[in-house]
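Overview (structure and organization)
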Amino acid sequence: QRSIRYSFEHVDTFKLQIRAILRASALGNVKILFPMISSLEEVQKAKSILLEVMDDLSKNNIPYDKNIEVGIMIEVPSAAIIADVLAKEVDFFNIGTNDLIQYALAVDRNNEKVAHLYSPAHPAILRLIKMVIKAAEENNIDVGLCGEMGGELLYTILLVGLGLKIFSVAPASILPEVKKIISSITYEKAKEIAETAISFNDPEKTDNFLRKTTNEILPELFLGN
């Protein structure tokens, strides 16, 4: 897995990448997102390298957005657990659910012997996501979510109820349905549903509850039994 650790092992390449992003920021809205962060030290080191590149560009009068937003991927449990600390260092979070679920549950999705244990509805996963969103809210920074979970209609109401406002959904065919679900429910109702959903200790019960609830709100979607 390529991560921020790989970047630290190849600092010259990392600086070239940051330099390119910064130069592009002079031409439009660009943000920097550091991947696979697992500790405060990694965030601080990455930001230190970023500042070095910024200083070099400034000395050479090369334009860039001096207020460029810097965020981190929350993809491992350690980052989610200290999200309240990390939120003070960055401008935004992006929760990477695919890796977060895999690492938190010790499940390789590509290993057929354990793939069935991969569950976005696992109570540990829902608590981690809630923890990250809460930390972002308390520190007034944005938080988005990417990965397969964000594109699964079953979890749309749950994520909205947990406070998520930014979805990164790849398949264009799913996006209209996600928008439809969000526009069909109030935040207060979604929050109520989320509180019930995360109270279950059994992922299957959580999924069944969310399926039943979503089908009641938008029966035309019909998520199955």
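Residues numbered from 1 in each chain as written. Predicted model: local features only at pLDDT ≥ 70, side-chain atom pairs only at ≥ 80, totals over all residues. Heavy atoms only, no water.

Brief notes about the side chain of Thr 156
Definition in use: The helix count covers DSSP runs of H or I at least four residues long, the strand count covers runs of E at least two residues long, and both are numbered beginning at the N terminus. Contact between two residues is taken to exist if any of their heavy atoms lie within 4.5 Å; hydrogens are not considered.
The residue Thr 156 is located in helix α9 (residues 156-161) in this model. Not counting residues up to four positions away in its chain, the partners in contact with Thr 156 are Phe 167, Val 178, Ile 181 and Ile 182.

Some words on helix α7 (residues 123-138)
Selection rule: A helix is expected to span 1.5 Å for every residue after the first. For each residue, the accessible area found with a 1.4 Å probe, counting protein chains only, is set against the maximum for its type, and the residue is called buried under 20%, exposed over 50%, and partly exposed in between.
The first and last C-alpha atoms of α7 sit 22 Å apart over 16 residues, in line with the 22 Å expected at 1.5 Å per residue. Taken residue by residue, α7 has Pro 123, Ile 125, Leu 126, Leu 128, Ile 129, Val 132, Ile 133, Ala 135 and Ala 136 as its buried positions. Of the residues flanking the end of α7, it is Asn 140, one or two places downstream, whose phi is positive at about 55 degrees.

Things to note about the packing of helix α11 (residues 187-197) against helix α12 (residues 203-217)
To keep things clear, this is the line we draw: To obtain an axis, a line is fitted to C-alpha atoms, over the contacting stretch when the element is a helix, and the angle between two such axes runs from 0 to 180 degrees between their N-to-C directions. Reported orientations rely on four angle classes, namely roughly parallel under 35 degrees, roughly antiparallel over 145, roughly perpendicular from 65 to 115, and oblique for the rest. Throughout, a crossing is termed right-handed when the near helix is turned clockwise from the far one, and left-handed when it is turned anticlockwise from it by less than a right angle.
Between α11 and α12, whose axes approach to 10 Å, the crossing angle comes to 160 degrees. Judged on the interaxial angle alone, α12 and α11 are roughly antiparallel. Classified by chirality, the crossing of α12 by α11 is right-handed. On α12, the residues touching Ile 193, Thr 196 and Ala 197 of α11 are Thr 206, Phe 209, Leu 210, Thr 213 and Ile 217.

Quick word on the packing of aromatic side chains
Ring pairs (aromatic) are described by centroid distance and by the angle formed between their planes. To be explicit about the condition: Two rings from Phe, Tyr or Trp (for Trp, the six-membered ring) form a pair when their centres sit within 6.5 Å of each other. Planes less than 30 degrees apart are called stacked, planes more than 60 degrees apart edge-to-face, and all others tilted. Either the NZ atom of lysine or the CZ atom of arginine qualifies as a charge over a ring when it sits within 6 Å of the ring centre and within 35 degrees of the ring normal.
If you walk through the whole model with that rule in mind, you get three aromatic pairs. Note on Phe 14 and Phe 34: the rings are 6.1 Å apart at their centroids and 65 degrees apart in plane angle, and the pair reads as edge-to-face. Separated by 20 residues along the polypeptide, Phe 14 in helix α2 (residues 11-25) and Phe 34 in strand β1 (residues 31-34) bring together distant segments of the chain. Looking at Phe 14, the relative accessible area reads 6%, which means it is buried. Among the aromatic residues, those joined into a ring-pair cluster are Phe 8, Phe 14 and Phe 34. The ring of Phe 8 carries the charged tip of Lys 45 above its face, separated from the ring centre by 4.6 Å. Across the ring face of Tyr 64, the terminal group of Lys 66 is positioned such that the distance to the ring centre comes to 4.7 Å.

Some points on the nonpolar core
Quick reminder of the rule: The definition of a nonpolar core used throughout is a set of buried Ala, Val, Leu, Ile, Met, Phe, Trp, Tyr and Cys residues joined through side-chain atoms within 4.5 Å.
Ranked by size, the top nonpolar core spans 70 residues in total, and within it Leu 22, Phe 34, Ile 72, Phe 93, Ile 129 and Leu 158 carry the most contacts. Setting aside residues no more than four positions away along its own chain, Ile 72 makes contact with Leu 33, Phe 34, Ile 37, Val 43, Leu 86, Val 90, Phe 92, Phe 93 and Asn 94.

As for the sheet that holds strand β2 (residues 69-74)
Short version of the rule: Here a strand pair is declared whenever DSSP counts at least two bridges between the two strands.
Reading across from one edge, β1-β2-β3-β4-β5 is the order of the five strands in this open sheet, with parallel pairing throughout. The two strands at the open ends of the sheet, each matched to only one other strand, are β1 and β5 (166-167). In terms of strand pairing, strand β3 (residues 92-96) meets strand β4 (residues 142-146) through five bridges, oriented parallel. Bridge pairing links Phe 92 to Asp 142 in β4. Strands β3 and β4 of the sheet are contacted by helix α6 (residues 97-105), whose axis makes an angle of about 60 degrees with β3. The strands touched by α7 within the sheet are β2, β3 and β4, with β3 carrying the most contacts at an inclination of about 170 degrees.

Topic: α11
Rules: To obtain the arc, one takes the directions from the helix axis to the C-beta atoms.
Every buried residue of α11 is accounted for by Ala 190, Ile 193, Ala 194 and Ala 197. Angular distribution of buried residues about the axis of α11 spans 100 degrees; they occupy a single face of the element. Where α11 is buried, its residues touch α7, α9 and α12.

Observations regarding the pattern of salt bridges
Cut-off, in case you're wondering: Only one rule defines a salt bridge in this text: a Lys or Arg side-chain nitrogen within 4 Å of an Asp or Glu carboxyl oxygen.
Applying the stated criterion across every chain, the model contains eight salt bridges. The salt bridge partner of Glu 89 is Lys 47, with a shortest N-O separation of 3.1 Å. Pair noted here: Glu 89 is in the loop between α5 (83-86) and β3 and Lys 47 is in helix α3 (residues 40-59), with a separation of 42 residues, a long-range link.

Let's talk about the side chain of Ser 119
For Ser 119, the position within the fold is in the loop between α6 and α7. Residues contacting Ser 119, with those up to four places away along its chain left out, are Ile 101, Leu 105, Ile 125 and Pro 203.

Things to note about the pairing of β2
Operational definition: Throughout, right-handed denotes a crossover for which the path from the first strand over the helix to the second runs clockwise when the strands point away from the viewer.
Counting buried residues in β2 gives five out of six residues, a clear majority hidden from the surface. Pairing of β1 with β2, which is carried by four bridges, proceeds in the parallel orientation. Paired with Leu 33 across the bridge in β2 is Gly 71. Once you follow β1 into α3 and on to β2, the crossover reads as right-handed.

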